[in-house]
Amino acid sequence: MPPKHILAIEGGTPVRPVLLPYARQSVGEDDIRAVADVLRSAWLTTGPKVGEFEQAFAAFAGTKEAVAVSNGTAALHAALHAIGIGPGDEVIVPAMTFAATANAVVFLGAVPVFVDSDPATLLIDPMQVEHAITPRTRAIIAVDYAGQPCDYDALQTIAEHHHLVLVADACHALGGSLRGRPVGSLAMMSTFSFHAVKPMTTGEGGMVTTDDPELATRMRRFRNHGITSDHRERHEQGSWFYAMTDLGDNERLTDFQSALGISQLRNVPLWTERRRAIARRYDAAFGDLPLAPLITREEVVHAYHLYVIQLALERLSVDRDQVFRALRAEGLGVNVHYIPVHLHPFYRRRFGTEPGRCPVAEAAYERILSLPLFAGMSDTDADDVIAAVRKVLGAYAR
Ligand SMILES: *Cc1c(COP(=O)(O)O)cnc(C)c1O
């Protein structure tokens, strides 16, 4: 076997013979039993489990209402529809996010206005939000990038001053909090995804939390074709009649997914603790490496959906892509979150969003990597991540 200190990309032995992914779901026997029970029951979709999941989730998030939908993109779509976003409107979104945040705006015929990040956290910069507001602005979507809640105090002040709706895309941050207030309760509406890589999963799935029952009613109607009663309610009332009052979509979550959600949700506090412990282990091990760490703000519980490192490129002899390839060769499933959304061909073509619009996000994009981090990782897995990062950055340091 070739020696261990030679980089795997140069023919050395990799730290991990099998790729360690950047995220992986945890599904236990309890989860499997919960799903199987529903599969044996009378209701596969829109039965009793949807409402049970919504109630459990609202209790967890500290809100009056939670509305279950088919995925995190549907959650954004339903939330923006509920506040009446449409053609002629502008919605402020961060450049540093997953494309779905902006896509939901475009689905409704509105224009996403991309705003730059705070370089210390890569969260949306409230000062830049203020600068981006025009007479057409209707809403701000804040994204809790990597799992850290945004500066909701500053954002809420701006939203109130300009009569805008503040929506939290909290897909990364379930389990986190800001000054003791749980993620989910920090904006007028907060959206979640239960895709397999997210903090908890229903395969595909999503949720919107809010304290406003009127918004919740609108979202429940929207997820069900814009119809005022669902199949189960009509069944129970012995009635065939329904009224479609608005254009809606089918964005429903099934009962067996909801059962999985109820079961998964119970583990979120424990899983968040585990993610945070691994993040602390990484923090402690990387202090002397050519990295520029992202800052965690005061009074924040970071949920660590992602552990993002920023390479100090001026202290390295190679670029991010070479570090990415070298870490992949060592068996780490590293990833890049995200390509700033305004740089995607669709946005450049449709909205003319050229490079230079969000310089902080664009510069960060050249330097970021997400390391493997999930609740089911062992300490040995985490130590392998540390060993591989130290090996690769040690070899490329200058
Ligand atoms: C995952 C994600 C979404 C979309 O969720 P899906 O369930 O995949 O539709 C939206 N925004 C952010 C920030 C996400 O990470």
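Rules used throughout
- Residues numbered from 1 in each chain as written.
- Predicted model: local features only at pLDDT ≥ 70, side-chain atom pairs only at ≥ 80, totals over all residues.
- Heavy atoms only, no water.
- Helix = DSSP H or I, 4+ residues; strand = E, 2+ residues; numbered from the N terminus.
- Buried < 20%, exposed > 50% of the residue type's maximum accessible area, 1.4 Å probe, protein only.
- Contact = heavy atoms within 4.5 Å.
- Lys, Arg positive; Asp, Glu negative; His and termini not counted.
- Charge placed at Lys NZ, Arg CZ, Asp CG, Glu CD.
- Near = heavy atom within 4 Å.
- Polar contact = N/O pair within 3.5 Å; in protein donor to acceptor, adjacent residues only side chain to side chain.
- Nonpolar A, V, L, I, M, F, W, Y, C, P; charged D, E, K, R; others polar.
- Pairing = 2+ DSSP bridges.
- Right-handed = clockwise from strand over helix to strand, strands pointing away.
- Axes fitted to C-alpha atoms, helices over the stretch in contact; angles between N-to-C directions.
- Parallel < 35°, antiparallel > 145°, perpendicular 65-115°, else oblique.
- Left-handed = near helix turned anticlockwise from the far one by under 90°.

A. Expanded view of the overall build of the protein chain. For the protein chain, the helix and strand inventory stands at 14 helices and twelve strands. If one aligns the C-alpha atoms of the protein chain with their principal axes, the spans along those axes are about 75 × 55 × 40 Å. Evaluated residue by residue, the protein chain yields a buried proportion of 55% over its 398 residues. In the protein chain, the proportion of contacts linking residues at least 24 apart, taken out of those at least 6 apart, comes to 73%. With 38 positive and 46 negative side-chain charges, the protein chain shows a spacing of 3 Å between the two charge centroids.

B. Main features of the site of the ligand. The environment of the ligand is made up of 14 residues, and the closest members are Gly72, Thr73, Asp169, Ser193 and Lys198. In the model, an oxygen atom of the ligand is placed 2.6 Å from a nitrogen or oxygen of the Thr73 side chain. Between the ligand and His172 there is a distance of 2.8 Å, counted from an oxygen atom to a side-chain nitrogen or oxygen. Contributions of two or more residues to the shell around the ligand are made by α3 (72-82) and α4 (99-107). Residue composition of the shell around the ligand, grouped by class: five nonpolar, seven polar and two charged.

C. Inspection of the pairing of strand β4 (residues 137-143) at higher detail. Taken across its seven residues, β4 has six buried, putting it largely inside the fold. Pairing of strand β2 (residues 90-94) with β4 involves three bridges; the strand directions are parallel. Bridge assignment links Val91 to a residue of β4, and that residue is Ala139. Judged from the five bridges that link them, β4 and strand β5 (residues 165-169) form a sheet pairing that is parallel. Pairing of Ile141 across the sheet is with Val167, part of β5. With respect to chirality, the unit in which β4 leads through helix α6 (residues 152-161) into the neighbouring parallel β5 is right-handed.

D. View of the sheet that holds strand β10 (residues 300-301). Pairing is antiparallel in the open sheet, where three strands are placed in the order β7-β6-β10. Two strands lie at the open edges of the sheet, namely β7 (181-182) and β10, each paired on one side alone. Note that strand β6 (residues 177-178) and β7 share two bridges and pair antiparallel. Note on β7: the bridge partner recorded for Leu178 is Arg181.

E. A look at the packing of helix α10 (residues 268-285) against helix α14 (residues 379-396). One way to put it is that α10 packs onto α14 with a least axis distance of 10 Å and a crossing angle of 30°. As far as their axial angle goes, α14 and α10 are roughly parallel. Handedness of the α10/α14 crossing: right-handed. Here Arg274, Ile278, Arg281, Tyr282 and Ala285 of α10 lie close against α14, whose contacting residues are Asp379, Ala382, Asp383, Val385, Ile386 and Arg390. Across the contact of α10 with α14, the residue classes break down as six nonpolar, no polar and five charged.

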